[in-house]
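One letter stands for each residue in the lines below.
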Amino acid sequence: MPESYIETHLSNGATIVQLHNPIPEPTHKSQGLSQSELRGIYSLSEMIKIDELESYINDKSYQVLGGAVGIDDDAALVGVAGATYRQLMRTGFAAFAKANSGIDMHHQTTQLILNCQDLLGLLDSPQRKAIMLQGKPL
């Protein structure tokens with residue numbers, strides 16, 4: 001957006017010049033998202049994989065294939081050494097289900113879960129995470 005200036009001419013002959021940069025209109029809703037709005041950010045293939053994981057999260061024999069990490073690997077890559085990706089995803093599912101005031105895409109839990117989903121291979125591409133963190137397009 002180009003810069004613009006507002007000039008105010010005073011009665012004593014002086015001029016005040018103010019830089020005027022209006023706040024840009026938001027393009028995405030990133031706070032207070034409902035569960036359905038959050039689901040709308042995911043592609044259909046991502047939702048299918050995440051729904052399947054949520055259904056089998058407590059089944060120790062269930063594995064997520066195709067990711068850089070395994071579901072039962074230590075989650076040190078996301079900064080939570082000593083926990084597994086399964087534990088973090090279970091916590092994320094519970095947090096989203098209990099988010100009465102909505103889901104904040106900038107909250108550390110949301111970002112942690114998206115990082116886990118990316119490493120587990122649940123997102124369509126690595127670029128999807130950055131796009132999703134913007135929130136729901138308005």
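This is a predicted model, so every value here is computed, not measured.

Caption draft 1: Molecular detail of the packing of aromatic side chains. Enumeration according to the criterion identifies one aromatic pair in this entry. Ring geometry for tyrosine 56 versus tyrosine 62: centroids 5.2 Å apart, planes at 15 degrees, classification stacked. Overall, tyrosine 56 belongs to the partly exposed group, its relative accessible area being 40%. Overall, the relative accessible area of 13% leaves tyrosine 62 in the buried class.

Caption draft 2: Focus on helix α3 (residues 85–97). In this model, α3 (13 residues) spans 18 Å end to end at C-alpha, consistent with the 18 Å of a helix rising 1.5 Å per residue. Along α3, the residues that are buried comprise Tyr85, Arg86, Leu88, Met89, Gly92, Phe93 and Phe96. For α3, the angular spread of the buried residues around the axis is 160 degrees, confining them to a single face. Structurally, α3 contributes buried residues whose contacts are with α1 (35–41), α2 (44–56), β4 (74–75), β5 (80–84) and α4 (108–119).

Caption draft 3: Molecular detail of the pairing of β5. Relative to β5, β4 runs antiparallel, the two sharing two bridges. Bridging from a neighbouring strand, aspartate 74 pairs with threonine 84 of β5. Joining the antiparallel neighbours β4 and β5 is a turn of four residues, in which glycine 79 adopts a positive phi near 85 degrees.

Caption draft 4: Local environment of the layout of surface pockets. In this structure, the largest pocket spans a volume of roughly 250 Å³. Taken together, Gln35, Leu38, Arg39, Tyr42, Met47, Ile50, Asp51, Glu54, Phe93, Phe96, Ala97 and Gln117 make up the lining of the largest pocket. Here the lining of the largest pocket takes four residues from α2, the largest share from any one element. Partitioned by chemical class, the residues of the lining of the largest pocket number seven nonpolar, two polar and three charged.

Caption draft 5: Structural detail: α2. The end-to-end C-alpha distance of α2 is 19 Å, a good match for the 18 Å that 13 residues give at a rise of 1.5 Å each. Turning to α2, its buried residues are Glu46, Met47, Ile50 and Leu53. An end-on view of α2 places all buried positions within 130 degrees of arc, on one side of the element. Looking at α2, the residues exposed on the side facing more than 90 degrees away from the buried face are Leu44, Ile48 and Ser55. Lining the buried residues of α2 we find α1, α3, α4 and α5 (127–133).

Caption draft 6: Region of interest: a nonpolar patch on the surface. Taken together, the side chains of Tyr5, Val17 and Leu19 make up a nonpolar region of the molecular surface, amounting to roughly 320 Å² of accessible area. As for its placement among the helices and strands, leucine 19 is situated in strand β2 (residues 15–20). In this structure leucine 19 comes out as partly exposed when scored by relative accessible area, which is 49%.

Reading the values: rules and limits
- Residues numbered from 1 in each chain as written.
- Predicted model: local features only at pLDDT ≥ 70, side-chain atom pairs only at ≥ 80, totals over all residues.
- Heavy atoms only, no water.
- Phe/Tyr/Trp six-rings, centres within 6.5 Å; stacked < 30°, edge-to-face > 60°.
- Buried < 20%, exposed > 50% of the residue type's maximum accessible area, 1.4 Å probe, protein only.
- Helix = DSSP H or I, 4+ residues; strand = E, 2+ residues; numbered from the N terminus.
- Expected span 1.5 Å × (residues − 1).
- Arc of directions from axis to C-beta.
- Contact = heavy atoms within 4.5 Å.
- Pairing = 2+ DSSP bridges.
- 1 Å grid on protein atoms, 1.4 Å probe; cavity = no way out; pocket = protein on both sides within 12 Å on 5 of 7 lines; lining within 4 Å.
- Points joined across faces, edges and corners; volume = space filled by probe spheres on them.
- Nonpolar A, V, L, I, M, F, W, Y, C, P; charged D, E, K, R; others polar.
- Patch = residues over 30% accessible without salt bridge, like charges linked within 9 Å, V, L, I, M, F, W, Y side chains within 5 Å.
- Areas by Shrake-Rupley, 256 points an atom, 1.4 Å probe, with all protein chains shown as cover.
- Salt bridge = Lys/Arg side-chain N within 4 Å of Asp/Glu carboxyl O.

Any link to function would need more than the numbers given here.
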